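Descriptive structure summary
Okay, here's what each chain looks like letter by letter:
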Amino acid sequence: MAGDTPRIGVLALQGDVREHVRILRLLGAAVCTVRRPAELTEVDGLVIPGGESSVIDKLSRAFGMREPLRRAIAEGLPVYGTCAGLILLADEVLDGLPGQQSFGGLDVAVRRNAFGSQLDSFESDLYVDAFGGPPVKAVFIRAPVVERVGAGVEILATLDDGRVVAVERGNVLGTSFHPEVSDETRFHERLLERVRARLN
Ligand code: GLN
């Protein structure tokens, strides 16, 4: 714990770590990268970035991070996962590679690469009631969608066709898209709010 300045870790096993570090610093957090269990114990909140969920899964096991992460999330560590990060937070992963595991924590089923290869990446304006204000410019890159939402999980955003792309329950927040690449700060701010509420 670090006084008034929340200390946020970005899981740095693989993926777009730098963009999250930049946004979190912009928002006034003390930011560090997390690769080892000891580093995890020093943070008040955690971002799991996009990248390749099967690789992050494998590396987390190789680095002895899987169980510490599962425990920290279960004990209420505020966590925000984007894209591959959302896949890793899902209790159920659809279209995972053989043997692929997630950390879990969020009672949802998430399908990897749900938009297929023709639509590898795209942008969409999303209205998020919880934020009000201007729409979120959401960038989707080989993105997953949430196909089942468990009891108590709040849907924060859907595409025009109703597919669920942002969810939250308690300390766990996940988006299919990458706000960090379009200078959208409100999801990271939400994580920081959760962290401050837990520290006070
Ligand atoms: N398709 C990737 C996966 O399965 C996620 C892509 C991303 O994080 N941008 O992990």
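Thresholds applied
- Residues numbered from 1 in each chain as written.
- Predicted model: local features only at pLDDT ≥ 70, side-chain atom pairs only at ≥ 80, totals over all residues.
- Heavy atoms only, no water.
- UniProt positions renumbered as here; feature names shortened; annotations may be inferred.
- Buried < 20%, exposed > 50% of the residue type's maximum accessible area, 1.4 Å probe, protein only.
- Helix = DSSP H or I, 4+ residues; strand = E, 2+ residues; numbered from the N terminus.
- Contact = heavy atoms within 4.5 Å.
- Salt bridge = Lys/Arg side-chain N within 4 Å of Asp/Glu carboxyl O.

As recorded by an unreviewed UniProt entry, the protein carries the name Pyridoxal 5'-phosphate synthase subunit PdxT and is attributed to Microbacterium binotii. Quoted verbatim from the Pathway (unreviewed entry) field of the UniProt record, the comment on the protein reads "Cofactor biosynthesis; pyridoxal 5'-phosphate biosynthesis." UniProt lists a comment for the protein under the heading Function (unreviewed entry), and it reads "Catalyzes the hydrolysis of glutamine to glutamate and ammonia as part of the biosynthesis of pyridoxal 5'-phosphate. The resulting ammonia molecule is channeled to the active site of PdxS."

1. Here we look at helix H1 (residues 17–26)
Among the residues of H1, Val 17, His 20, Val 21, Ile 23 and Leu 24 are the ones counted as buried. Summarising the contacts, the buried residues of H1 are in contact with strand E1 (7–11), strand E2 (30–34), strand E3 (45–48), strand E4 (79–82) and helix H6 (186–199). Once H1 ends, the next one or two residues include Gly 28, with phi positive near 90°.

2. Digging into the pattern of salt bridges
Across all of its chains, the model carries 15 salt bridges by this definition. Asp 183 serves as the salt-bridge partner of Arg 22, at 3.2 Å between the closest nitrogen and oxygen. Pair noted here: Arg 22 is in helix H1 and Asp 183 is in the loop between strand E12 (172–175) and H6, with a separation of 161 residues, a long-range link. Its salt-bridge partner being Glu 147, residue Arg 111 comes within 2.7 Å of it at the nearest N-O pair. Here Arg 111, found in strand E6 (residues 106–111), pairs with Glu 147, found in strand E9 (residues 145–149); they are 36 residues apart in sequence, far enough to count as distant. A single salt-bridge network, built from bridges that share partners, covers Arg 66, Glu 67 and Arg 70.

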